[in-house]
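Now for the letters of each chain:
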Amino acid sequence: DSNAAPKLFVPKFEDYQQVYNEIANRLEEKEDYDDGSYGPVLVRLAWHASGTYDKETGTGGSNGATMRFSPESDHGANAGLKAARDFLEPVKAKFPWITYSDLWILAGVCSIQEMLGPAIPYRAGRQDRDVAACTPDGRLPDAAQGQDHLRNIFYRMGFNDQEIVALCGAHALGRCHSDRSGYSGPWTFSPTVLTNDYYKLLLDEKWQWKKWNGPKQYEDKTTKSLMMLPADMAIIQDKKFKEWVKVYAADNDKFFQDFSAVVNKLFELGVPFKEGTETWTFKPVNA
Ligand code: CCH
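Residues numbered from 1 in each chain as written. Predicted model: local features only at pLDDT ≥ 70, side-chain atom pairs only at ≥ 80, totals over all residues. Heavy atoms only, no water.

Engineer: Teacher, can you tell me more about the overall build of the protein chain here?
Structural biologist: A count of helical and extended segments in the protein chain gives ten helices and five strands. For the protein chain, the C-alpha radius of gyration of 19 Å lies close to 19 Å, the compact-globule estimate for 287 residues. Principal-axis analysis of the C-alpha atoms places the extent of the protein chain at approximately 75 × 40 × 35 Å. Buried residues in the protein chain amount to 53% of all 287 residues. Taking the intrachain contacts of the protein chain between residues at least 6 apart in sequence as the baseline, contacts between residues at least 24 apart amount to 71%. If you sum the accessible surface of the protein chain, you get close to 13600 Å²; carbon and sulfur atoms cover 49% of it. (Helix = DSSP H or I, 4+ residues; strand = E, 2+ residues; numbered from the N terminus. Rg over C-alpha atoms; globule rule 2.2 N^0.38 Å. Buried < 20%, exposed > 50% of the residue type's maximum accessible area, 1.4 Å probe, protein only. Contact = heavy atoms within 4.5 Å. Areas by Shrake-Rupley, 256 points an atom, 1.4 Å probe, with all protein chains shown as cover.)

What follows is the structure, given as structure tokens:
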């Protein structure tokens, strides 16, 4: 029918599930990276895209994917995240209809699920923005600081103490790289599987200052192969935070439930979803 209007492609759940599957398959393919997975660095990309949010001004957050541009890509906190953005370029090329903003968050969701974490609800609808929407440096937490700083940073995004502790459990995943943050080593013995081990180790291990030329960090006394940042140690040095560390160390199901809710909140900060946008849960590939 020559009078018909050209059909506009409106992606549906099945289309996003295909993108999810593509990311999951690439995670499997590229297992020669780091501890065997791009998953942790993809989670960090989604978190740093979202964690710039400021509830007072409504600026920052995952709507925009402004970390594609300098100056945001050059902020110290974002060192090394180019590896995650580059990993996703072939996915963007295969599914050009998805925005970078939705893709980066979908990759975070996919990575958490594929690393055997809980299902993370997802809504699509983020729009990419240009360089003018880049956030100023200093909105992400400084690993060298303690509880007051953590509260300042995370309260600005709209989180409470329980949510802060639940979010920090992401450090069960991945590692520090001396050529990125300057710190070195993983937090747990299974950095490509999400567990509540981060909390257990915080409470059960003896932590001492690492003797080295790098920035001040802790090492476990027993194996000296694990690490904690000063900011990690703050959540057992602070009484209120520590109560939640105990809850999550004792109950992995409770951790998964709260982690899913708080990551969903993080990934949606400042996103102007259209009314009636559906919430989806993707089917894991590596189930
Ligand atoms: Fe984190 N994180 N993070 N982090 N982070 C680092 C690595 C990861 C802080 C500092 C660092 C969250 C909160 C905090 C991940 C997820 C989350 C590194 C090492 C530093 C430093 C970077 C490097 O050298 O490559 C501080 C401070 C806070 C304050 O609370 C939150 C919240 C999340 C997600 C919900 C993940 C995953 C990694 C591993 C990345 C990788 O490449 O392995």
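Here the narrative resumes.
Engineer: Just checking my understanding: could you explain the packing of aromatic side chains for this structure?
Structural biologist: When we look at a pair of aromatic rings, we describe it by the centre distance and by the angle of the planes. As enumerated under the stated definition, the model contains 22 aromatic pairs in all. Centroid distance Tyr 198 to Tyr 199: 5.4 Å. Interplanar angle 75°. Geometry classified as edge-to-face. Of note, Arg 26 hangs over the ring of Phe 87, and the distance from its end group to the ring centre comes to 4.8 Å. The cationic tip of Lys 216 hangs over the ring face of Trp 209; the distance from NZ or CZ to the ring centre is 4.5 Å. (Phe/Tyr/Trp six-rings, centres within 6.5 Å; stacked < 30°, edge-to-face > 60°. Lys NZ or Arg CZ within 6 Å of the ring centre and 35° of its normal.)

Engineer: Please explain the coordination of the iron atom of the ligand as it appears in this structure.
Structural biologist: Six octahedral donors around a metal ideally sit at 90 or 180 degrees from one another, while four tetrahedral donors ideally sit at 109.5 degrees. A lone protein donor binds the iron atom of the ligand: His 171 (NE2), at 2.1 Å. Structurally, His 171 can be placed in the loop between helix H6 (161–168) and strand E1 (175–176). (Donors = N, O, S within 2.8 Å, 3.2 Å for Na, K, Ca; no water.)

Engineer: Would you mind showing me how to read the site of the ligand here?
Structural biologist: Taken together, 24 residues lie near the ligand, and Trp 47, His 171, Arg 175, His 177 and Ser 181 sit nearest. Within the side chain of His 171, an N or O atom sits 2.9 Å from a nitrogen atom of the ligand. With respect to the ligand, the side chain of His 177 contributes an N or O atom lying 2.7 Å from an oxygen atom. Counting only elements with at least two residues in the shell around the ligand, the list comes to helix H2 (39–50), helix H5 (147–157), H6 and E1. Counting residues per element, the shell around the ligand draws most heavily on H2, which supplies four residues. Residues of the shell around the ligand, tallied by class, amount to 16 nonpolar, four polar and four charged. (Near = heavy atom within 4 Å. Polar contact = N/O pair within 3.5 Å; in protein donor to acceptor, adjacent residues only side chain to side chain. Nonpolar A, V, L, I, M, F, W, Y, C, P; charged D, E, K, R; others polar.)

Engineer: So what exactly am I meant to see when it comes to the nonpolar core here?
Structural biologist: In terms of nonpolar packing, the biggest core is built from 86 residues, with Ile 23 and Leu 88 touching the most fellow members. For this core, the leading source of residues is helix H4 (residues 100–114), giving nine residues. (Core = buried A, V, L, I, M, F, W, Y, C linked by side-chain atoms within 4.5 Å.)

Engineer: How do you make sense of the pattern of salt bridges when you look at a structure like this?
Structural biologist: For the structure on display, the rule yields ten salt bridges. For Asp 161, the salt bridge identified is with Arg 151, shortest N-O distance 3.1 Å. Taken as a pair, Asp 161 in helix H6 and Arg 151 in helix H5 lie far apart in primary sequence, ten residues in all. Like Asp 161, the residue Arg 151 is buried in the burial classification. (Salt bridge = Lys/Arg side-chain N within 4 Å of Asp/Glu carboxyl O.)

Engineer: How should I be thinking about the sheet that holds strand E3 (residues 207–209) in this particular structure?
Structural biologist: Where strands meet in a sheet, backbone hydrogen bonds hold them as pairs that are either parallel or antiparallel. Spatially, E3-E4-E5 is the arrangement adopted by the three strands of the open sheet, whose pairing is antiparallel. The open sheet terminates on both sides in strands that have one partner only, identified here as E3 and strand E5 (227–228). Alignment of E3 against strand E4 (residues 218–220), held across three bridges, turns out to be antiparallel. Paired with Gln 208 across the bridge in E4 is Glu 219. (Pairing = 2+ DSSP bridges.)

Engineer: Any chance you could explain unusual backbone geometry here in plain terms?
Structural biologist: Note: most peptide bonds trans; most residues except glycine with negative phi. Between Ser 70 and the following residue, Pro 71, the backbone shows a cis peptide bond with an omega angle of 15°. Within the fold, Pro 71 resides in the loop between H2 and helix H3 (82–94). In this model, Asp 34 sits at a positive phi of 50°, which is unusual for a non-glycine residue. For Asp 34, the position within the fold is in the loop between helix H1 (13–29) and H2. The class of Asp 34 is partly exposed, set by a relative accessible area of 40%.

Engineer: Would you explain a positive patch on the surface in this entry?
Structural biologist: On the surface, Lys 206, Lys 211, Lys 221 and Lys 224 cluster together to form a positively charged patch. Considering the arrangement of structural elements, one finds Lys 221 in the loop between E4 and E5. With a relative accessible area of 49%, Lys 221 lands in the partly exposed category. (Patch = residues over 30% accessible without salt bridge, like charges linked within 9 Å, V, L, I, M, F, W, Y side chains within 5 Å. Lys, Arg positive; Asp, Glu negative; His and termini not counted. Charge placed at Lys NZ, Arg CZ, Asp CG, Glu CD.)

Engineer: How do you make sense of the confidence of the model for the protein chain when you look at a structure like this?
Structural biologist: Low-confidence regions, as indicated by low pLDDT, have predicted coordinates that should not be scrutinised in detail. Averaged over every residue, the pLDDT of the protein chain is 97; residues scoring 70 or more account for 99%. What the predictor reports for the complex is a pTM of 0.97 with an ipTM of 0.99. (pLDDT = per-residue confidence, 0-100.)

Engineer: Sorry, what's going on with the side chain of Arg 85 here?
Structural biologist: Residue placement: Arg 85 occurs in helix H3. For Arg 85, which is buried and forms no salt bridge, the nearest opposite charge comes from Asp 86, at a distance of 6.0 Å. If we skip the residues at most four places from it in the chain, Arg 85 touches Leu 45, Met 67, Ser 73 and Trp 104.

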